[in-house]
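Results of the structural survey
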Amino acid sequence: MLANEIRQAYIDYFTKRGHLLLPSAPLVPIDHLGNPDDSTLFTGSGMQQFKPYFTGSAKPPSARATTVQKCVRTGDIDSVGDYSHCTFFEMLGNFSFGDYFKAEVIPWTWDFLTNVAGLDGDRFCVTVYRDDDEAFQIWHDAVGLSEDRIHRMGQDKNFWLPNAITDGPNGPCGPCSEVFYRVAPLSEMTADSSLTPTERYKIDDDAGRWLEVWNNVFTQYDRQEDEHGKGILIPLPKKNNDTGAGLDRIVMAQQDKRSVFETDLFRPILARIEDLAKRRYGGTMEPADFAFRCIAEHARTMVFCIGDGILPGNEGRDYVLRYIVRRAVRYSKTALGFDKPFLHEVAPLVIEQMGGHYSELRERQELILKTIHNEEESFRRTLDNGMRRLEELFESTAVKQANVLPGRDAFKLHDTYGFPLKLTEDLSAERGITVDLEGFGEAMEEQRKRSRAGGMGTTVFATEAGGALMFHTDATQFLGYASTDAESRILKLFQKGTGRSSAIRTEVNTAGPGSEVEVVLDMTPFYAESGGQVGDAGWVFGPGGDVTCATRIEVLDTRKFGGVYLHIARVLEGEAFPGQRVLAQVNAARRRHIVRNHTATHLLQAALREVLGSHVHQKGSLVAPDRLRFDFTSEPVSPTDLRKVEEIVNERILDDIPVVVHTDVPVDEAKKRGAMALFGEKYGDRVRMIEIPEFSLELCGGTHLQHTSQAGLFKILSESGVAAGIRRIEAVTGQGAYDFMSEKENTLSQLAQVLKTSPKDVLMAAEKLQQQRAQLEKQIQQLRSGAAGKGADLKEQAVDGVRIVTGAVPNADAETLAALADRTANQHKSAVIVLASAADGKALFIAKVTSDLIKQGYHAGNLVREVAKIAGGGGGGRPDFAQAGGRDPSKVDEALLQVPAIVSSQKLG
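This text gives an overview of the structure that appears in the document. Just so you know, these numbers come straight off a predicted model, no measurement behind them.

Basis of the calculations
Counting restarts for each chain, with residues numbered from 1 along the sequence as it is written. At least 70 in pLDDT is required for a residue's local features to be given in this predicted model, at least 80 for side-chain atom pairs to be given and counted, and no such filter applies to totals for whole chains, interfaces and linings, which use all residues. The side-chain quantities take in all heavy atoms of the structure and omit both hydrogens and water. Elements are defined by DSSP. Helices are runs of H or I of four residues or more, strands are runs of E of two residues or more, and each kind is numbered from the N terminus. Partly exposed residues are those whose accessible area sits between 20% and 50% of the maximum for their type, while under 20% is buried and over 50% is exposed, using a 1.4 Å probe and protein chains only. Neither His nor the chain termini are counted; the positive set is Lys and Arg, and the negative set is Asp and Glu. Just to be clear on terms, a salt bridge is a Lys or Arg side-chain nitrogen sitting within 4 Å of an Asp or Glu carboxyl oxygen. Here, two residues are considered to be in contact whenever any of their heavy atoms come within 4.5 Å of each other. By this definition, two strands are paired if DSSP reports at least two bridges between them. In this analysis an axis means a line fitted to C-alpha atoms, helices contributing only their contacting stretch, and an angle means the value between N-to-C directions, from 0 to 180 degrees. Each angle is binned into one of four classes, with values under 35 degrees roughly parallel, values over 145 roughly antiparallel, values of 65 to 115 roughly perpendicular, and all other values oblique. By convention the crossing between two helices is left-handed if the near helix lies anticlockwise of the far one by an angle smaller than a right angle, and right-handed if it lies clockwise. Charged means Asp, Glu, Lys or Arg here, nonpolar means Ala, Val, Leu, Ile, Met, Phe, Trp, Tyr, Cys or Pro, and polar covers whatever is left, Gly included. The arc refers to the directions leading from the helix axis to the C-beta atoms. Here a Phe, Tyr or Trp ring, Trp counted by its six-membered ring, pairs with any other such ring whose centre lies within 6.5 Å, and the pair is stacked when the planes are under 30 degrees apart, edge-to-face when over 60, and tilted otherwise. Counting as a charge over the ring demands two things of the Lys NZ or Arg CZ atom: a distance within 6 Å of the ring centre and an angle within 35 degrees of the ring normal.

Looking at the element boundaries, Arg 300 is found in helix α10 (residues 287-307). Here Arg 300 occupies a buried position and makes no salt bridge, while the nearest side chain of opposite charge, Glu 90, is found at 4.8 Å. Excluding anything up to four places from it in sequence, Arg 300 contacts Phe 88, Leu 265, Phe 266, Ile 269, Val 350 and Met 354.

Here we come to the pairing of strand β31 (residues 842-849). Along β31, seven of the eight residues are buried, which leaves the element largely enclosed by surrounding structure. In terms of strand pairing, strand β30 (residues 832-839) meets β31 through eight bridges, oriented antiparallel. Within β31, the position partnered with Ala 839 by the bridge is Lys 842. What sits between β30 and β31 in their antiparallel hairpin is a turn of two residues, with Asp 840 showing a positive phi close to 55°. Judged from the six bridges that link them, β31 and strand β33 (residues 881-886) form a sheet pairing that is antiparallel. When the sheet's bridge partners are listed, Ile 846 is paired in β33 with Gln 883.

Time to look at the sheet that holds strand β23 (residues 660-666). Reading across from one edge, β23-β24-β25 is the order of the three strands in this open sheet, with antiparallel pairing throughout. Only two strands of the sheet have a single neighbouring strand rather than two, namely β23 and β25 (696-699). On average, adjacent strands in this sheet sit at an angle of 25° to one another, irrespective of strand direction. Where strand β24 (residues 686-692) lies against β25, four bridges are found, and the strand directions are antiparallel. Looking across to β25, one finds that Met 689 is bridged to Leu 699.

This brings us to the packing of helix α1 (residues 3-15) against helix α3 (residues 102-116). Viewed as axis vectors pointing N to C, α1 and α3 meet at an angle of 140°, and their least axial separation amounts to 12 Å. With respect to their mutual orientation, α1 and α3 come out oblique. Considering how the two elements wind past one another, α1 and α3 form a crossing that is right-handed. Contacts from Ile 6, Ala 9, Tyr 10, Tyr 13 and Phe 14 of α1 reach α3 at Trp 108, Asp 111, Phe 112 and Val 116. Grouping the constituent residues of the contact of α1 with α3 by class yields eight nonpolar, no polar and one charged.

Buried within helix α26 (residues 860-870) we find Ala 860, Gly 861, Leu 863, Val 864, Val 867 and Ala 868. Down the axis of α26, the buried side of the element spans an arc of 160°, and every buried residue falls inside it. Buried residues along α26 sit against β30, β31, β32 (874-877), β33, α27 (892-897) and α28 (899-906). Count one or two residues on from α26 and you reach Gly 872, which has phi positive near 75°.

Moving on to the packing of aromatic side chains. What describes a pair of aromatic rings is the distance from one ring centre to the other and the angle between the planes of the rings. On inspection of all chains with the given rule, the structure shows 32 aromatic pairs. Ring geometry for Phe 478 and Tyr 565: centres 5.7 Å apart, planes at 10°, overall stacked. Residue Phe 478 is located in strand β12 (residues 477-478), and its partner Tyr 565 is located in strand β19 (residues 564-573); the two are separated by 87 residues in the primary sequence. On the accessibility criterion, Phe 478 (18% relative accessible area) is buried. Judged by its relative accessible area of 9%, Tyr 565 falls in the buried class. One aromatic cluster is present, built from ring pairs that chain together Tyr 10, Tyr 13, Phe 14, Tyr 100, Trp 108, Phe 112 and Trp 214. The lysine or arginine in question, Arg 152, covers the ring of Phe 136, its NZ or CZ lying 4.4 Å from the ring centre. Over the ring of Tyr 481 we find Arg 688, and its NZ or CZ is 3.7 Å from the ring centre.

On to the sheet that holds strand β21 (residues 618-623), then. Spatially, four strands are ordered β21-β22-β27-β26 in an open sheet, and the strand pairing comes out antiparallel. Every interior strand has two partners, whereas the edge strands, β21 and β26 (714-723), have only one. Within this sheet the neighbouring strands show an average axis-to-axis angle of 15°, counted without direction. Pairing between strand β22 (residues 628-633) and strand β27 (residues 726-733): six bridges, direction antiparallel. In the strand pairing of β27, Phe 632 is matched with Arg 727. Seen against the sheet, helix α20 (residues 639-654) touches β26 and β27 and runs at an angle of roughly 135° to β26.

These values are about where atoms sit, not about what they do.
Shown next as structure tokens:
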């Protein structure tokens, strides 16, 4: 079976058994409700998006679900290129949220692997948690595995999370049962009869003779701590199942391959690299074959990352992507001899192969290929710079004397320039220089510690002690699309701690004046921060919703946790308590400012795509009362294009177009209509669309205007870069635009007064002032140059028939020396001129060579470099003119004395 067939067979198998097929979450971690998940840099498992359902903080759309989840794990990134390690993989998942359990899922596991995937049942063994008699009996009695093929393991192997019982964290957990497939011949398996079956299994597993293909996690306990801090397991009222099965591993086993790179998941990609490299892939561990596998694997990872809106950068997941691209380029250059960008020619094979299931790859192909090409092209220049930097290190006095390249210098080459340590060692060995590997290792470990601190850790369930809000209550009913006030009831109050406990929320029964609380209402008009739009602010009055009553609560912000709205507030008067009837009232004026900016953001994106092209995609936004901010994929926008974008937005505002809201639209229908979606946002089966007819159509849950004309005026404040390939526009509308224009008008009027002209003639007056300034500066420079010439002690002599002029000018700057050198050259017509000055504790040198002498081999840049070395400096430049600096001004005269000898050495033989 091909990989695509196995993937579809898995989907069909579990949908036929009542599982709701849900889409893969993006690689930027979010849960199924759209909330960001900061526990990992990338989505690394199939269950990650379902955390709210496993913790019980939200109700799932179905008690049974199945997914094919795209995953990235980077823990072994530097091992990619061997036969087994991958950063990108697909995880097949089937999930039960309080529905079926071990008795159902274990037989399904066996049935799919043996009867659907067609794997040899005699080549399987399984592991269970040592105390999980239930799972053991099902494998033995229901499936029919003999006892010697069922291995009981400790909590470090078969309890999720590892060591959860002894070390935590608190929260849902449980035992797991892993399924292993024998990938080695029986003749290679351990046959020592003095060992138990489990002891033989452990030896063979460590030797790579067993391949884990499936894992069923049985979430059946709530891990807590007793009064002595000891971990205790409290049975959950509803038991859950979380299955994760590696598609690439099942494909490898089904196709009877010893490596995933031999399967149809990679063969087409490797074949494309073969065509481009003009050489064959041999499947060995030789450097060239290692490079083939590294490039093929990393090509898949970079395609999927960019397809999900991750772009190469210097922090977090953006840095990981950049590292992956650079690693592929390194191996392509050193092992396969690629000397120009080529990865963008490999990527289309990945998109063609995977785009049938992951449609976003085809939709964003243009962006993917352009990003890969630009990043590779940029890094190849950087790699060349690294070669030059290494040459400079070889020439340094410290390296020459010790014949050792410091480890931190080698690591900087590796980390900053992406320069392979092995290449550094090889080039160093050619010079008889060794590399300080211990120092390199120390620098590497420091970097790893920084990376681990940055969040590249293990996925864990958030707990209350970790800052997540854990409670059970009904979802909040949102009424804010139709109204800015609503009669409501307080369901819960939370009070946040202070100091070291500031992340912990405590449920309280009452809150008095001055209390900072988070209020949960049964229904609310307050929009919660989402999709770039900030949360609403306003007031809550009670009891009974009477604004004249004693209780008054100021709402400062609104956030959403799952389906529950949290009103971050301060009690101003009276007392708040659960069950209290209240009137929730949004600050309507503030909301109007927000919706103007939100609708204008949609207009802006459509205008950008109209002017710049369809490669423009939203990368983030901020919709606030005072401004809007829009991040998008693009090269820098020219002033002309920016002005055109602004004109288009204002034209649509003046057209008074109705803003049409489509609710409860099937997501497939929305995609067919071409609705734009935000990178990283999670959308359900039915969505909300905002349409500005014949101009813009976007999936959006935010609040909007009824007509575009309500935005008033749209004005762009700035356009700038925020990361490689990402631009940012900040703009204002309505009152903000009016205030901005008024401020500009006032500034113009004040400037006209200063220039003693009218506002319409300010530009002419400023240009005239600039011309006068330029003339004065020229006169000043001429005076300085003349004074310097009079004060300079210029010496002339001839060497090999060449006139050489040298001289020191006290306290002169580079511009003055250059002007004096030009004057001297004009006077003599044919000469080599070197001038110097000592000022501010440094030496400055200028060299000039007339054009007739350049043809004879004399070079100002080479000359000034050698002269500056005598004063402890360096520099260079063009053949006709160059400058350099030195650290020791006392050496100026000595350096000038050496000029004739240096000039003589430059004469063509």
